[in-house]
Amino acid sequence: MDITVIGEGAVLAVPDLLRLQAGVEVRRATAGEAFAAVRAAAARLSGALAAAGVAPHDIRTTELSLGPEYESYPKVVAYRAAQGAEVVVRDVGRADHVIDTVAGVGQEARLHGLAFELSDPVTALAEARTRAFRDAAAKAAQYAGLAGRPLGPVVSVTEEPDAGPRPLRMALSAAETDASVSPGRLTLSVRVQVGYAFA
């Protein structure tokens, strides 16, 4: 092996899946009251999400907490309970509706953040690999030419780990959508190390 180069390839893709971090939180005088109230609020949240078209398997409990609040230790003034959920929205066009549904549960509702994803990144990654390999081939050919040697066959290929899809903050224009939440686009990139022999 006489030439080793790094090729890079990237593609932009529009996300088609949303992960919403939501939940409910309450504050009550006793632990029992707080726990009962948060469980009731969580049930209302689940029911509202189901009515909004979210499938049961797309709602996953991510947090369940109960603890005291102190005026000055060890004097307890109240108990706070919370239950969190990750909600998968498979129709990004309904993102605003689902978010409004969570907020509509009442004063117990909480929103903790969201992330857009590709449900199937295989095609986009395949294109990124093609671009990365072509980039490596072009670099190798340039180096061979600079060295005054003909380029030989590929003798090794190693795909380097990548951090995964990265959000590209590109909000859609008002003419395209009235939604307040925009998926923008994701950048999927691939780095590949390719070794060539001289002919």
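Before we move on, could you go through the packing of aromatic side chains and cite the residues and values that matter?
Applying the stated criterion across every chain yields a total of one aromatic pair. Just above the ring of Phe-198 sits the side chain of Arg-149; from NZ or CZ to the centre is 4.2 Å.

Before we move on, could you go through helix H1 (residues 31-51) and cite the residues and values that matter?
Because an α-helix completes one turn every 3.6 residues, residues spaced three or four positions apart along the sequence face the same direction. Between its first and last C-alpha atoms H1 spans 30 Å; for 21 residues at 1.5 Å apiece the expected length is 30 Å, and the two agree. Within H1 the residues assigned to the buried category are Ala-34, Ala-37, Val-38, Ala-41, Ala-42, Leu-45 and Leu-49. Seen end-on, H1 carries its buried residues on one side only, within an arc spanning 140 degrees. For H1, the elements touching its buried residues are strand E2 (17-28), strand E3 (59-72), strand E4 (75-89) and helix H2 (95-103). Following H1 by one or two positions, Gly-53 adopts a phi angle in the positive range, close to 100 degrees.

Explain the pattern of salt bridges to me, and be specific about the residues and the numbers.
Evaluation of the coordinates by the stated rule reveals 15 salt bridges. Salt bridges here are not isolated pairs; linked through shared partners, they connect Glu-25, Arg-27, Glu-69, Arg-80 and Arg-110.

Explain helix H3 (residues 122-147) to me, using residue names and the numbers behind them.
Between the first and last C-alpha of H3 there are 37 Å, a value that for 26 residues agrees with the 38 Å anticipated at 1.5 Å per step. Taken as a whole, H3 has its buried residues at Ala-124, Ala-128, Ala-132, Ala-136, Ala-140 and Ala-144. The inward-facing, buried residues of H3 abut strand E1 (3-13), strand E6 (151-160) and strand E8 (185-198).

Explain the nonpolar core residue by residue, including any values.
One finds Leu-20, Val-24, Leu-49, Val-87, Val-98 and Val-102 to be the most contacted residues of the largest nonpolar core, which totals 25 residues. Breaking this core down by element, the ones donating at least two residues are E2, H1, E4, H2 and strand E5 (109-117). Counting residues per element, this core draws most heavily on H1, which supplies seven residues. Discounting chain neighbours no more than four positions away, the residues touching Leu-49 are Val-54, Ile-59, Val-87, Val-98, Thr-101 and Val-102. Residues Ala-128, Ala-144, Leu-186 and Leu-188 belong to the second largest nonpolar core, which totals 18 residues.

How would you explain the sheet that holds E3 if you had to name every residue and give the values?
Within a sheet, neighbouring strands are paired by backbone hydrogen bonds and run either parallel or antiparallel to one another. Sheet architecture is open: four strands sit in the order E3-E4-E2-E5, paired in antiparallel fashion. The open sheet has two edge strands, E3 and E5, and neither has a second partner. Neighbour-to-neighbour, the strand axes of this sheet turn through a mean angle of 15 degrees, independent of strand direction. Note: E2 against E5, eight bridges, orientation antiparallel. Within E5, the position partnered with Arg-19 by the bridge is Ala-115. Sitting on the sheet, H1 touches E2, E3 and E4, and the angle it makes with E2 is about 150 degrees. Across the sheet, H2 touches E2, E4 and E5, and the angle it forms with E5 is around 160 degrees.

Cut-offs applied
- Residues numbered from 1 in each chain as written.
- Predicted model: local features only at pLDDT ≥ 70, side-chain atom pairs only at ≥ 80, totals over all residues.
- Heavy atoms only, no water.
- Phe/Tyr/Trp six-rings, centres within 6.5 Å; stacked < 30°, edge-to-face > 60°.
- Lys NZ or Arg CZ within 6 Å of the ring centre and 35° of its normal.
- Helix = DSSP H or I, 4+ residues; strand = E, 2+ residues; numbered from the N terminus.
- Expected span 1.5 Å × (residues − 1).
- Buried < 20%, exposed > 50% of the residue type's maximum accessible area, 1.4 Å probe, protein only.
- Arc of directions from axis to C-beta.
- Contact = heavy atoms within 4.5 Å.
- Salt bridge = Lys/Arg side-chain N within 4 Å of Asp/Glu carboxyl O.
- Core = buried A, V, L, I, M, F, W, Y, C linked by side-chain atoms within 4.5 Å.
- Pairing = 2+ DSSP bridges.
- Axes fitted to C-alpha atoms, helices over the stretch in contact; angles between N-to-C directions.

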